[in-house]
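Structural characterization, general
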Amino acid sequence: MRETCVPTGVNPRDTGFGYTLSLIGGKYKMIILYWLAENKVMRHNELKRSIGSISFKTLSIMLKELEEDGLIVRTEYPQVPPKVEYTLSERGHSLIPVLYMMCEWGENHMPTPESVPQEA
């Protein structure tokens with residue numbers, strides 16, 4: 001029998017499940033990881049264009065947090081104008097199978113117009 005990932009009486013933040021959620025939680029982090037997995041190397045503005053609905057400031061904050069958590073690598077090139085690129089770290093790559101499993105689950109369980117109850 002498999003041990004529960006959120007045992008009774010244990011703060012979820014103190015579990016592997018809670019730790020994982022603390023790294024990838026939020027509206028944009030998994031989307032950023034997805035785009036970096038698909039494109040290998042991206043610059044800030046490329047990520048912003050790909051995501052579309054994210055502000056410059058929010059993207060900057062998310063990238064900084066992902067870098068601090070060791071999920072992405074920020075490479076700055078000493079040139080004018082400055083050039084900064086982002087890639088997945090090895091640790092970040094290890095989350096990509098989880099991302100794809102979440103995507104597949106969503107595709108398989110997303111409601112269709114026929115499955116949504118109609119109001120009378």
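Residues numbered from 1 in each chain as written. Predicted model: local features only at pLDDT ≥ 70, side-chain atom pairs only at ≥ 80, totals over all residues. Heavy atoms only, no water.

Across all of its chains, the model carries three salt bridges by this definition. The partner of Glu65 in a salt bridge is Lys29, with the nearest N and O atoms 2.8 Å apart. In this pair, Glu65 sits in helix α4 (residues 56-68) while Lys29 sits in helix α2 (residues 29-39), placing the two residues 36 residues apart along the sequence. Residue class for Lys29 comes out buried when judged on its relative accessible area of 5%. Close ionic contact of Lys83 with Glu85 constitutes a salt bridge, the shortest N to O distance being 3.5 Å. (Salt bridge = Lys/Arg side-chain N within 4 Å of Asp/Glu carboxyl O. Helix = DSSP H or I, 4+ residues; strand = E, 2+ residues; numbered from the N terminus. Buried < 20%, exposed > 50% of the residue type's maximum accessible area, 1.4 Å probe, protein only.)

This paragraph deals with the UniProt feature "transmembrane region" (unreviewed entry) in the chain. With numbering aligned to this structure, UniProt lists the feature "transmembrane region" (unreviewed entry) at residues 17-37. Its end C-alpha atoms 22 Å apart, residues 17-37 is made of 81% helix and 0% strand. (UniProt positions renumbered as here; feature names shortened; annotations may be inferred.)

Below, the discussion takes up the nonpolar core. Judged by nonpolar contacts, the single largest core of 24 residues is most densely connected at Ile32, Leu33, Leu36, Leu47 and Ile72. For this core, the secondary-structure elements that each account for two or more residues are α1 (16-24), α2, α3 (44-51), α4, β3 (83-88) and α6 (96-109). The leading source of residues in this core is α2, at five residues. Aside from chain neighbours lying at most four places away, what touches Ile72 is Leu33, Leu36, Leu63, Leu66, Glu67, Tyr86, Thr87, Leu88 and Ser89. (Core = buried A, V, L, I, M, F, W, Y, C linked by side-chain atoms within 4.5 Å. Contact = heavy atoms within 4.5 Å.)

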